[in-house]
Amino acid sequence: MSGQSQTQLVLQSLRRHDSEEASLRLQGSPHNRDDTLTLLGAGKDNKVPNMILGPESLDGRLLFAIPKKGRLHEKCLSLLAGADIQFRRPNRLDVCVALNHPVALVFLPASDIPSFVGKGNVDLGITGHDVILEAQMKDHVTEVLRLGFGKCSLQVQAPEAATHLKTAEDLAGKRVVTSFEVLAGEYFKEIDDKLGLEGDQRTKIEYVGGSVEAACALGLADGIVDLVESGDTMRAAGLHPVATLLETEAVLIKSSTPKHPHLAPLIQLITSRIAGVIAASKYVICEYNILREKLPQATALTPGRRAPTISPLEEEGWVAVSSMVEKRKISNIMDELVKIGAEDVLVFNLDNCRV
Ligand SMILES: Nc1ncnc2c1ncn2[C@@H]1O[C@H](COP(=O)(O)OP(=O)(O)OP(=O)(O)O)[C@@H](O)[C@H]1O
Ligand SMILES: O=P(O)(O)OC[C@H]1O[C@H](OP(=O)(O)OP(=O)(O)O)[C@H](O)[C@@H]1O
């Protein structure tokens, strides 16, 4: 039994309010038991805290999986803060209850979250779109929201010096090292099939858990498949992009076949709060004064989401305009506003919103 499925069984028992069964499961399977105990916050004495096994603990709570480390972790903590999901996570504890909602947070490796959510052991989760596909959970989870961070591409990369390796087809039949063996396998299977490669002629996909970019220099691979954001890591390793398998970003997911339908309203509430935080990070409020006769030009620049708010000023012929503007466009829009005669142009960040 894998550590993950043992953990899932323990979580299932906890959700059924059966702390005795959960304890038995923990004791019954020594394999990867330490991981499960760590997940459940056991101390050195291997006792699971009462908070987790106690009768009021996870009972009826929505379980929300958050990446426990890595690229997505800090951003997820900011989202939780923005959505006012308060919690105290004691040292070593990977499950903790929210203080102000019937929610428990489960801190898991990003790559495990799709299967926890897909199998219904947790109700909501944040992870990368890439790991959902890699875990083959696409049909088992619903991507509720794109979160706008964790953006990167899954790419085939080959050594800059290997001038004969310009396309993915050039790597067919060779050795490709990756942490994404499912996606890389599917990708090269299609190429091998197209080229009619059989048996030993087919591409050899080798799994490594990290430092994928070192594989070519170490003589382990002719090419790699890995995530690329700025490209700095691959350039530093003397690699260059050959093909892009997919674009990814962090997503909020729920199970496509939820085990706890009564949690649907709470899922909706959390989704709408997180959507508000995401929207707030993308928009600013722009306010300025302008002559009424210039309004058509001004409102073309700042049309707002529905319409700008226009208020008369005490000074004859002048109006104040207030409008939501996309943050990434605001500098250009301010330049244009000033050109058409806008004055006192002010820009405010949004802490939160519902739009
Ligand atoms: N360079 C990057 N830029 C943006 N997002 C990334 C980047 N690398 C990874 N991600 C996203 O974050 C997810 C988690 O990757 P990350 O490398 O942080 O995993 P991890 O949990 O630390 O695992 P590992 O220990 O294997 O590195 C990825 O699946 C991807 O969606
Ligand atoms: O294009 P870049 O901006 O350089 O980012 C790409 C790097 O980011 C990821 O690794 P990460 O730094 O998360 O660490 P890891 O290698 O331990 O997974 C990925 O595996 C690349 O190594």
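Residues numbered from 1 in each chain as written. Chains lettered and ligands numbered in written order. Predicted model: local features only at pLDDT ≥ 70, side-chain atom pairs only at ≥ 80, totals over all residues.

1. Thoughts on the overall build of the chain
- Each helix and strand in the chain was counted, giving 13 helices and 15 strands.
- The buried share of the chain, taken over its 355 residues, is 36%.
- When contacts within the chain are restricted to residue pairs at least 6 apart in sequence, long-range pairs at least 24 apart make up 70% of them. (Helix = DSSP H or I, 4+ residues; strand = E, 2+ residues; numbered from the N terminus. Buried ≥ 20, exposed ≤ 12 C-beta atoms within 10 Å, placed from the backbone. Contact = placed C-beta atoms within 7 Å.)

2. Observations concerning the sheet that holds strand E15 (residues 343–349)
- Strand order in the open sheet formed by four strands is E13-E14-E12-E15, with antiparallel pairing between adjacent strands. With one partner strand each, in any of the chains shown, strand E13 (309–312) and E15 form the two edges of the open sheet. Taken pair by pair, the neighbouring strands of this sheet meet at an average axis angle of 15°, ignoring direction. (Pairing = 2+ DSSP bridges. Axes fitted to C-alpha atoms, helices over the stretch in contact; angles between N-to-C directions.)

3. Observations regarding the domain arrangement of the chain
- Splitting the chain by domain gives domain 1 (3–148 + 250–279), domain 2 (152–248) and domain 3 (283–349).
- Each side of the interface is counted separately: domain 1 has six residues, and domain 2 has seven residues.
- The leading source of residues in the side of domain 1 that touches domain 2 is helix H7 (residues 129–134), at four residues.
- Residues belonging to the side of domain 1 that touches domain 2 are distributed by class as follows: one nonpolar, three polar and two charged. (Domains from an automatic or database assignment. Nonpolar A, V, L, I, M, F, W, Y, C, P; charged D, E, K, R; others polar.)

4. Notes on unusual backbone geometry
- Even without a glycine there, the phi angle at Asp84 is positive, about 55°.
- For Asp84, the position within the fold is in the loop between helix H5 (73–82) and strand E2 (95–97).
- With 12 C-beta atoms packed within 10 Å, Asp84 lands in the exposed category.

5. A few points about the site of ligand 1
- Around ligand 1, the surrounding shell holds 17 residues, and the nearest of these are Gly70, Arg71, Gly128, Cys152 and Glu229.
- For the shell around ligand 1, the class distribution of residues is seven nonpolar, five polar and five charged.
- Mapped onto the domain boundaries, the shell around ligand 1 takes at least three residues apiece from domain 1 (3–148 + 250–279) and domain 2 (152–248). (Near = placed C-beta within 6 Å.)

6. A short note on the sheet that holds strand E1 (residues 62–67)
- Strands sit in the order E2-E3-E1-E4-E11-E5 across an open sheet of six strands; the sheet is mixed. With one partner strand each, in any of the chains shown, E2 and strand E5 (141–146) form the two edges of the open sheet. Neighbouring strand axes in the sheet, compared pairwise and without regard to direction, differ in orientation by 30° on average.
- The sheet contact formed by E1 and strand E4 (residues 124–128) spans two bridges and is parallel.

7. Observations concerning the nonpolar core
- Among the nonpolar cores identified, the biggest contains 39 residues, and Phe64, Ala65, Val106 and Val122 are the most heavily contacted of them.
- Elements that contribute at least two residues to this core include exactly E1, H5, strand E3 (103–108), helix H6 (113–118), E4, H7, strand E11 (250–255) and helix H11 (264–282).
- When near neighbours in sequence (up to four residues on either side) are disregarded, Ala65 contacts Val106, Leu108, Ile113, Phe116, Val117, Val122 and Gly125.
- Counting residues in each nonpolar core, the second largest holds 25 residues, with Phe188, Ile191, Ile205 and Ala215 among its members. (Core = buried A, V, L, I, M, F, W, Y, C linked by C-beta atoms within 7 Å.)

8. As for helix H13 (residues 330–339)
- Of all 10 residues in H13, one are buried, a share of ten percent or less.
- The positive-phi residue at the C-terminal boundary of H13 is Gly341, with phi of around 105°.

9. Looking at the UniProt feature "domain: ATP phosphoribosyltransferase catalytic" (unreviewed entry) in the chain
- Sequence positions flagged by UniProt for "domain: ATP phosphoribosyltransferase catalytic" (unreviewed entry) are, in local numbering, residues 110–274.
- Segment residues 110–274 splits into 28% helix and 30% strand. End C-alpha atoms: 18 Å apart. (UniProt positions renumbered as here; feature names shortened; annotations may be inferred.)

10. Looking at the pairing of E11
- Counting buried positions along E11 yields six of six residues, so the element is predominantly enclosed.
- Going residue by residue along E11, you find Ala250, Leu252 and Lys254 tucked away on one face and Val251, Ile253 and Ser255 tucked away on the opposite face as well.
- Pairing analysis gives five bridges linking E4 to E11, with the strands arranged antiparallel. When the sheet's bridge partners are listed, Gly125 is paired in E11 with Ile253.
- In the sheet, E5 pairs with E11 via five bridges, with the strands oriented antiparallel. Pairing of Glu143 across the sheet is with Ile253, part of E11.

11. Considering the UniProt feature "domain: Histidine biosynthesis HisG C-terminal" (unreviewed entry) in the chain
- When the UniProt feature table is mapped onto this chain numbering, "domain: Histidine biosynthesis HisG C-terminal" (unreviewed entry) sits at residues 280–352.
- Along residues 280–352 the backbone is 27% helical and 40% strand, and the end-to-end C-alpha distance reaches 5 Å.

12. Focus on the pairing of strand E7 (residues 175–178)
- Pairing of E7 with strand E8 (residues 204–207), which is carried by four bridges, proceeds in the parallel orientation. Counterpart to Arg175 in the pairing with E8 is Lys204.
- You can see the chain leave E7, run along helix H9 (residues 181–195) and come back into E8, and the turn it takes is right-handed.
- Here E7 pairs with strand E9 (residues 223–228) via three bridges, running parallel. Bridging across to E9, Val177 finds its partner in Ile224. (Right-handed = clockwise from strand over helix to strand, strands pointing away.)

13. Concerning the site of ligand 2
- Near ligand 2 lie 13 residues; those nearest to it are Leu227, Glu229, Ser230, Asp232 and Thr233.
- Elements represented by at least two residues in the shell around ligand 2 include exactly E9 and helix H10 (232–236).
- For the shell around ligand 2, the element with the highest residue contribution is E9, accounting for three residues.
- Counted by class, the shell around ligand 2 contains two nonpolar, six polar and five charged residues.

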